[in-house]
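Summary of the model geometry
So you can see what is in the structure, the chains are spelled out below.
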Amino acid sequence: SIKATQVKLVLLGESAVGKSSLVIQFVQQGYVENREPTIGAAFLTKKYQTGEQSIKFEIWDTAGQERFHSLAPMYYRNAQAAIVVYDITKAASLDKAKTWVKELQRQASSDIVIALVGNKLDLVQEDEHERQVLAEDAQAYAEEGNLLFYETSAKTSENVDAVFGAIANQIPAP
Ligand code: GDP
Ligand code: MG
């Protein structure tokens, strides 16, 4: 069998935007309400097949709290991919996401693949008044910075596989 390409991926973003829920939905196809907050960071792996290429994601799910910020470089330093998450229903979480993107662009590997992800799409689908970040605005920001962009729901799983699939497609074959 062909050896899988290992892809180290890090999740960054404000606390409670749904980073852990996104990873669990991708890795285990499940969702639980009121997940316990991540302390430090959690490590998960997932095999993923895209076309001819077999990928093994090695995922670092970091804690969003400010007191863990100084640990982040340890997780993104050798990462080939990053998912920076904000909550569509919280405008301030996009500002925080933008600071993470800037930090990655300055400090991480120059060829890192970055995906900007607006999570909790289900809340907006239920009630459009919940939306605080327009998709067009986030998309325009993402295009400027050459980032992948998706709106997702870790709850319904909408677009969750699409994010990881798009990242996998940007990873060069060995
Ligand atoms: P993290 O701190 O970024 O890892 O966020 P968590 O994954 O721990 O999620 C924080 C809270 O938001 C939990 O109560 C989750 O159940 C909830 N949550 C996460 N993703 C979604 C989503 O897509 N939709 C909704 N409605 N709630 C979500
Ligand atoms: Mg978490």
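The name given to the chain in an unreviewed UniProt entry is Ras family-domain-containing protein, with the source organism recorded as Phycomyces blakesleeanus.

1. So, the side chain of E58
With respect to the helices and strands, the residue E58 is situated in strand 3 (residues 53-62). Setting aside residues up to four positions removed in sequence, E58 forms contacts with Q6, V7, K8, L9, F43, L44 and T45.

2. Let's talk about the pattern of salt bridges
Here the structure, examined in full by the defined rule, presents six salt bridges. For E128, the salt bridge goes to R131, with nearest N and O atoms at 3.4 Å. When its relative accessible area of 52% is taken as the criterion, E128 is described as exposed. As a salt-bridge pair, R131 and E151 come within 2.8 Å of each other at their nearest N and O atoms. Placement of the pair is R131 in the loop between helix 4 (121-126) and helix 5 (135-144) and E151 in strand 6 (residues 148-151), with a sequence separation of 20 residues. Through salt bridges with shared partners, one network takes in D87, K90 and K120.

3. Considering the pairing of strand 1 (residues 5-13)
The buried fraction of strand 1 amounts to eight of the nine residues, a majority that puts the element mostly inside the structure. Pairing geometry for strand 1 and strand 3, over seven bridges, is parallel. Across the sheet, V7 pairs through a bridge with F57, a residue of strand 3. Examined bridge by bridge, strand 1 and strand 4 (residues 81-87) share five bridges and lie parallel to one another. The residue of strand 4 that forms the bridge with L11 is I83.

4. Structural notes on the sheet that holds strand 3
Strand order across the open sheet formed by six strands is 2-3-1-4-5-6, with mixed pairing between neighbours. One side of each edge strand has no neighbouring strand; the edge strands of this open sheet are strand 2 (41-50) and strand 6. The average angle at which neighbouring strand axes cross in this sheet is 25 degrees, direction not considered.

5. Overview of the site of ligand 1
Ligand 1 sits among 20 residues. The nearest are A16, K19, S21, D122 and A154. Residue A16 places a main-chain N or O atom 2.8 Å away from an oxygen atom belonging to ligand 1. The contact in question runs from an oxygen atom of ligand 1 to an N or O atom on the side chain of K120, over 3.1 Å. Within the complex, 89% of the 580 Å² of free accessible area of ligand 1 lies under protein. Put simply, ligand 1 lies in the largest pocket.

Rules used throughout
Residues numbered from 1 in each chain as written. Chains lettered and ligands numbered in written order. Predicted model: local features only at pLDDT ≥ 70, side-chain atom pairs only at ≥ 80, totals over all residues. Heavy atoms only, no water. Helix = DSSP H or I, 4+ residues; strand = E, 2+ residues; numbered from the N terminus. Contact = heavy atoms within 4.5 Å. Salt bridge = Lys/Arg side-chain N within 4 Å of Asp/Glu carboxyl O. Buried < 20%, exposed > 50% of the residue type's maximum accessible area, 1.4 Å probe, protein only. Pairing = 2+ DSSP bridges. Axes fitted to C-alpha atoms, helices over the stretch in contact; angles between N-to-C directions. Near = heavy atom within 4 Å. Polar contact = N/O pair within 3.5 Å; in protein donor to acceptor, adjacent residues only side chain to side chain. Areas by Shrake-Rupley, 256 points an atom, 1.4 Å probe, with all protein chains shown as cover. 1 Å grid on protein atoms, 1.4 Å probe; cavity = no way out; pocket = protein on both sides within 12 Å on 5 of 7 lines; lining within 4 Å. Sits in = over half its atoms within 2 Å of the grid points.

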